[in-house]
Amino acid sequence: MLASFLSLRRDKVLVSDLRRIIREYSERFKDTLVKIMNFCGTHEWTTVNFGIRSLMPANVQLVAGPGCPVCITPSYYIEESIRLSLDGVRVYCFGDVFKLPAIREVRGAKSLEDAKACGGDVKVVYSFLDAIKDARDYGKDSVFLGIGFETTAPSYAVPMVKGHVPRNLLLLSVLRLTPPAARYALENTVKRGAAPVQGIIAPGHVSTVIGAKPWSDIAEEFRVPTVVSGFEPLDVLLSIALILQMRA
């Protein structure tokens, strides 16, 4: 984060030029609202943390899209994970899932953190490989709560395909695919009568895995300019400028 702040300060001229370009393109739309949807939760974090919305002209609206895989995890899977841990099954999870709240309480617990405090067997790990190593030593029934998009799916798939996962470790998959989620968001925006999305900032990390074609397909299907972007503030500003340029 500090590096990003320093980058913004160091690149004042570039930031100023991008703001000018955004303003000039936005003026071509006059009183028309241009709604641009980011996809990833990190894009939204960057937008909020660096005050990018405050830099936008009045007719350019930045809206949050589907968000990160943790944010969109259905409560059911957290509840089942809590139940498993309280029934004596060791549940492995990432740190950002540990405090994720469920809608319904399970035996006094509404998160895996609560479950651990209630005597449940919950272990936070840094990676699936860490869970594999621990489960092999543990030797009893265990489950890995596999949350993520296309970026984390290979880290689960490769050890499983290569036979490195012990028989006592199962994967509870809560993986999501990003292009279908984006398509769902676009379709439901129209169905609910909201102003249509007129630009998409697609996630760069996912696109290094799946390529750009799924996004170009969505851009053609919905006729919406789409830019695959990194997560630095300058990346987001440049993406907005490019989307407005394509719309113009």
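Residues numbered from 1 in each chain as written. Predicted model: local features only at pLDDT ≥ 70, side-chain atom pairs only at ≥ 80, totals over all residues. Heavy atoms only, no water.

Draft legend 1. Focus on the side chain of aspartate 134. With respect to the helices and strands, aspartate 134 occurs in helix 7 (residues 128–138). Beyond its immediate sequence surroundings of up to four residues, aspartate 134 is in contact with Arg90, Tyr92 and Lys123. (Helix = DSSP H or I, 4+ residues; strand = E, 2+ residues; numbered from the N terminus. Contact = heavy atoms within 4.5 Å.)

Draft legend 2. Local environment of the packing of aromatic side chains. If you walk through the whole model with that rule in mind, you get eight aromatic pairs. Judged by centre distance (6.0 Å) and plane angle (85 degrees), the rings of tryptophan 45 and phenylalanine 50 are edge-to-face. Taking relative accessible area as the criterion, tryptophan 45 reaches 41% and is therefore assigned partly exposed. When its relative accessible area of 12% is taken as the criterion, phenylalanine 50 is described as buried. Between tyrosine 76 and tyrosine 77, the ring centres sit 5.3 Å apart and the planes meet at 80 degrees, which makes this aromatic pair edge-to-face. We classify tyrosine 76 as partly exposed; its relative accessible area is 47%. For tyrosine 77, a relative accessible area of 23% corresponds to the partly exposed category. In this structure an aromatic cluster arises from ring pairing among Phe94, Phe128, Phe144 and Tyr156. In this structure, arginine 90 packs its charged tip against the face of tyrosine 138, placed 3.8 Å from the ring centre. (Phe/Tyr/Trp six-rings, centres within 6.5 Å; stacked < 30°, edge-to-face > 60°. Buried < 20%, exposed > 50% of the residue type's maximum accessible area, 1.4 Å probe, protein only. Lys NZ or Arg CZ within 6 Å of the ring centre and 35° of its normal.)

Draft legend 3. Here's a closer look at the sheet that holds strand 6 (residues 169–175). If you trace the four strands from one edge of the open sheet to the other, you get 4-3-5-6, paired in parallel fashion. Each edge of the open sheet carries a strand with a single partner, namely strand 4 (122–124) and strand 6. Averaged over all neighbouring strand pairs, the angle between strand axes comes to 25 degrees, with direction disregarded. Looking at chain direction, strand 3 (residues 90–93) and strand 5 (residues 142–148) are connected through three bridges and run parallel. Bridge assignment links tyrosine 92 to a residue of strand 5, and that residue is phenylalanine 144. Here helix 7 sits on the sheet and contacts strand 3, strand 4, strand 5 and strand 6; the angle it forms with strand 3, its principal contact strand, is near 160 degrees. The sheet contacts of helix 8 (residues 153–161) involve strand 5 and strand 6, and relative to strand 6 the element is tilted by about 150 degrees. (Pairing = 2+ DSSP bridges. Axes fitted to C-alpha atoms, helices over the stretch in contact; angles between N-to-C directions.)

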